[in-house]
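Report on the structure
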2 protein chains.
Amino acid sequence: MIEIPPRMVGLDWGTTSCRAYLLGEGGAVLDRRLDGRGVLALSHSSENRTAAFEQEIEGLCGDWLRRDPGLPLVACGMVGSNQGWAEADYRHLPVDLTERPESLTEVPTSLGSLFIIPGLFKDGKVGSPSEHPDVIRGEETQLLGALPSHAEGTDDDGARSPAVVVLPGTHTKWLRLDGTLVSDFVTTMTGELFGLVMQHSIVARLAEEPSAPDMDAFDRGLDVAFSAAGPLPAPPTDIATSLFSARTLVMAGELEPAAVKDYVSGLMIGAEVERFARCWIGEEDRAGGPITVCANAQLGKRYARALERAGIASALAPEDAVVAGLWRTAVALGLIEKENS
Amino acid sequence: MIEIPPRMVGLDWGTTSCRAYLLGEGGAVLDRRLDGRGVLALSHSSENRTAAFEQEIEGLCGDWLRRDPGLPLVACGMVGSNQGWAEADYRHLPVDLTERPESLTEVPTSLGSLFIIPGLFKDGKVGSPSEHPDVIRGEETQLLGALPSHAEGTDDDGARSPAVVVLPGTHTKWLRLDGTLVSDFVTTMTGELFGLVMQHSIVARLAEEPSAPDMDAFDRGLDVAFSAAGPLPAPPTDIATSLFSARTLVMAGELEPAAVKDYVSGLMIGAEVERFARCWIGEEDRAGGPITVCANAQLGKRYARALERAGIASALAPEDAVVAGLWRTAVALGLIEKENS
């Protein structure tokens, strides 16, 4: 019997970055390299895309893999998209996150096989124009890592309440879970739109980079977003309309240029959370306990603040949830020894 | 008594372009030059901004002004903003468009004085976070030109119904008028966001330029936007959320890459019109007759279609409304002889 080493290399390989983790016993982080290039930068060299991805692995963690040949190499994220290295499958909803994925995409590399974790897919409802197909790549692993470990137990046969998890980012994902089963999710592009607005729009021209986050300006943005919560708001404060206030308030001397960024952050996160709270998060979801927010501390705080404004309690997941998710997936797949517990 | 020539040069000088018109008797267009550079291109040379603007006039219509010295030169638009040539005043609401502006910004040039028409300003309501200050530059002139000429008459003392006018563009303006009196307006950045999304976002990466406008795709976008019109839409189809469908539908083979642009156009114009129809256009507005749409034929058609979906009749204003507006303003200011009528 071959002894499987309780170690692995996990890659969180997204659109704009690649983070590599050397993991040991129980998923402990032994080493990390956080400055790898993302799919966007690497896929531009479409001629030699494979070589570009392979070089990136080599540069990031070639030493780990050479020192310890045969170390399992597992990745999640946009690396498995059609713009990534190799297109990985999707698991179709409903999906139990703790179940071993049926298929895993294996990519041969000079450093051994790279396994890419499948994403999640939701079919669009036929005949309902507002229900379109939706996809997730990478967040399923982050989510698995954020699940409390007791949720994986099968001894709890009692009724489970749905729980809502939000993963803010470039493309924020709102998910509904029943225990470890993902029953629904929705993507919203607030983060990407925020980036476009603060980089390229007329609002950006008046803004100055703040020296520190200005949470008063953020709260002011929330005020505007939530003022539209009534049945007949006037004027309609969707983002396309409210964004212009970032310009006119500066022009009128009522907003500092250095406060624009956080004000716009409040407008946009506020609009998103207000809407999801009103239209998507039901009574049953609220009964399932606080909403879990999976994000870095700074962004997580903003969502928590907006959710509080909507009367919804939230709890922040550990920042390295994706690392725990990579480890748990590798264990479920039998790529590493199940730890004794 | 000096005879004032019934001719003038009018400039529609906006953010991205400058259009010059040589106008004669009754506002007839004798000649036009449509390829001048806008404020954005000219203000970049901040050192010699004045010289850049002056050169642009010289190049566009120096021959007109030299052939006919003393010809009045009148401009409207962003040329009068703090990023333009000289900052022109605003008139504060309510404003009667046919009234002679109290102040006119006069800029000396080597070709004679340039007069810049003031914009419109709406104060933000203190204590109401969603009512922010708002501004207009240029559309006030377009609007004046779009008014039916009988609206200028003072012999009609009967009650007037409010009327709504929409001027779609980079920053779309929705205005409420009582006869020739502007009582309210709201800016919405749908056009600019559409440009950002189709130029820089992940949606743009999957899109192909259509060979001709695809109005079926546009209508499909409207379907999605209007499906959220109920009191509790699920999932919430604001633009940040619905935009992602342009990506997933292409991935699922349910939308052609060449249809993405018009689909997104439908999503975004639909979301705007649905919201304004629901939250801003009241019963009294609808009683005031069809909504006037001031835009080029292609864009105007899209707004008309979306308004129809909302059960609101609309009428397209003549495309050259801004030319009529420049003429009428010059007449009101006594810069040119009032035509005999």
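Residues numbered from 1 in each chain as written. Chains lettered and ligands numbered in written order. Predicted model: local features only at pLDDT ≥ 70, side-chain atom pairs only at ≥ 80, totals over all residues. Heavy atoms only, no water.

Remarks on the interface of chain B and chain A
By a frequent convention, interface size equals the accessible area lost on bringing the separate parts together. Across the contact, 54 residues belong to chain B and 54 residues belong to chain A. Interface area for chain B against chain A, summed over the two sides, is near 4,900 Å², with a carbon-plus-sulfur share of 70%. Along the contact surface separating chain B from chain A lie two salt bridges. One salt bridge in this structure joins A:Arg275 and B:Asp238, with 2.9 Å as the shortest N-O distance. Here chain B and chain A share 12 residue pairs in polar contact (both at pLDDT 80 or more) between them. (Contact = heavy atoms within 4.5 Å. Buried area = accessible area lost by both parts, 1.4 Å probe. Salt bridge = Lys/Arg side-chain N within 4 Å of Asp/Glu carboxyl O. Polar contact = N/O pair within 3.5 Å; in protein donor to acceptor, adjacent residues only side chain to side chain.)

A word on the nonpolar core
With 54 residues, the main nonpolar core has A:Val203, A:Val264, B:Val203 and B:Val264 as its most contacted residues. If we skip the residues at most four places from it in the chain, A:Val264 touches A:Phe194, A:Val197, A:Met198, A:Val203, A:Leu243 and A:Ala246. Counting residues in hydrophobic clusters, the runner-up holds 27 residues, among them B:Ala52, B:Trp64, B:Leu73 and B:Ala86. (Core = buried A, V, L, I, M, F, W, Y, C linked by side-chain atoms within 4.5 Å. Buried < 20%, exposed > 50% of the residue type's maximum accessible area, 1.4 Å probe, protein only.)

Considerations on the pattern of salt bridges
Side-chain pairing between opposite charges can occur once the charged atoms of the two side chains come close. Residue and element names in this part refer to chain A. Evaluation of the coordinates by the stated rule reveals 34 salt bridges over all chains. A salt bridge links arginine 19 to aspartate 12, with the nearest nitrogen and oxygen atoms 3.4 Å apart. Arginine 19 gets classed as partly exposed once you look at its relative accessible area, which sits at 33%. On the basis of relative accessible area, aspartate 12 is assigned to the buried category, the value being 16%. Each of Asp31, Arg33, Asp63 and Arg67 takes part in salt bridges that share partners, so that together they form one network.

Thoughts on the environment of A:Arg176
Residues and elements named next belong to chain A. Counting through the fold element by element, arginine 176 comes out in strand 12 (residues 172-178). By relative accessible area, arginine 176 is classed as buried at 16%. Linking arginine 176 and valine 186, residues 10 residues apart in sequence, is a C-alpha distance of 9.1 Å. Once residues lying within four places of it in the same chain are set aside, the contact partners of arginine 176 are Pro162, Ala163, Leu181, Val182, Ser183, Asp184, Trp280, Ile281, Gly282 and Asp285. (Helix = DSSP H or I, 4+ residues; strand = E, 2+ residues; numbered from the N terminus.)

Some details on helix 11 (residues 297-309) of chain B
All names here are of chain B. Counted at 1.5 Å a residue, the expected span for helix 11 with its 13 residues is 18 Å, and the 18 Å between its end C-alpha atoms agrees. The complete set of buried residues in helix 11 reads Gly300, Arg302, Tyr303, Ala306 and Leu307. Buried positions in helix 11, seen along its axis, are confined to an arc of 155 degrees and lie on one side of it. Taken together, the buried residues of helix 11 touch strand 11 (162-167), strand 12 (172-178), helix 6 (215-227), helix 9 (260-279), strand 14 (291-293) and strand 15 (314-316). (Expected span 1.5 Å × (residues − 1). Arc of directions from axis to C-beta.)

Quick notes on the sheet that holds strand 5 (residues 90-92) of chain A
The three strands are arranged 5-9-10 (chain A) in an open sheet whose pairing can be described as mixed. One side of each edge strand has no neighbouring strand; the edge strands of this open sheet are strand 5 and strand 10 (134-136) of chain A. In this sheet, adjacent strand axes meet at a mean angle of 25 degrees when their direction is disregarded. The pairing of strand 9 (residues 119-122) of chain A with strand 10 of chain A spans three bridges and is antiparallel. For A:Lys122, the partnering residue across the bridge sits in strand 10 of chain A and is A:Asp134. Relative to strand 10 of chain A, helix 8 (residues 244-251) of chain B is tilted by about 90 degrees, and along the sheet it contacts strand 5 and strand 10 of chain A. (Pairing = 2+ DSSP bridges. Axes fitted to C-alpha atoms, helices over the stretch in contact; angles between N-to-C directions.)

A closer look at the relation of the copies chain B and chain A
Aligned on chain A, chain B shows an RMSD of 0.1 Å; the corresponding rotation is 180 degrees and the shift along the axis is 0.1 Å. Between the two chains, the operation in question is that of a two-fold axis. Of every C-alpha in chain B, the one belonging to B:Leu196 sits nearest the axis of rotation, 3.3 Å from it. A symmetric contact is evident, with 100% of the interface residues of chain B recurring at the interface of chain A. (Least-squares fit on C-alpha atoms with pLDDT ≥ 70 in both.)

Digging into the side chain of B:Glu140
Residues and elements named next belong to chain B. Structurally, glutamate 140 is set in helix 3 (residues 139-146). Buried within the structure, glutamate 140 lacks any salt-bridge partner; arginine 91 is the closest side chain of opposite charge, at an N-O distance of 6.9 Å. Among the polar contacts made by the side chain of glutamate 140, one reaches the main-chain amide nitrogen of glycine 138 at a distance of 2.7 Å. Apart from the residues lying within four places of it in its own chain, the contact partners of glutamate 140 are Cys76, Leu97, Ile117, Pro118, Gly119 and Leu120. (Lys, Arg positive; Asp, Glu negative; His and termini not counted.)

Some details on unusual backbone geometry
Looking along the chain, the bond that leaves A:Leu93 and enters A:Pro94 is cis, with omega of -5 degrees. Mapped onto the elements of the fold, A:Pro94 is located in the loop between strand 5 and strand 6 (95-96).

A look at helix 2 (residues 49-67) of chain B
Residues and elements named next belong to chain B. Between its first and last C-alpha, helix 2 extends 26 Å over 19 residues, near the 27 Å set by a 1.5 Å rise per residue. The sharpest bend along helix 2 measures roughly 75 degrees and falls at cysteine 61. Tucked inside the fold, the buried residues of helix 2 contact strand 1 (8-13), strand 2 (17-24), strand 3 (28-37), helix 1 (39-43), strand 4 (73-76) and strand 8 (112-116). (Bend = angle between axes of the 7 residues up to and from the residue.)

Some thoughts on the packing of helix 3 (residues 139-146) of chain A against helix 12 (residues 321-332) of chain A
A pair of packed helices is captured by two measures, namely the crossing angle of their axes and the spacing between those axes. All names here are of chain A. At a closest axis distance of 6 Å, the pairing of helix 3 and helix 12 adopts a crossing angle of 90 degrees. With respect to their mutual orientation, helix 3 and helix 12 come out roughly perpendicular. Contacts from Thr141, Gln142, Leu144, Gly145 and Ala146 of helix 3 reach helix 12 at Ala321, Val322, Ala324, Gly325, Leu326, Arg328 and Thr329. Grouping the amino acids of the contact of helix 3 with helix 12 by side-chain chemistry returns six nonpolar, five polar and one charged. (Parallel < 35°, antiparallel > 145°, perpendicular 65-115°, else oblique. Nonpolar A, V, L, I, M, F, W, Y, C, P; charged D, E, K, R; others polar.)

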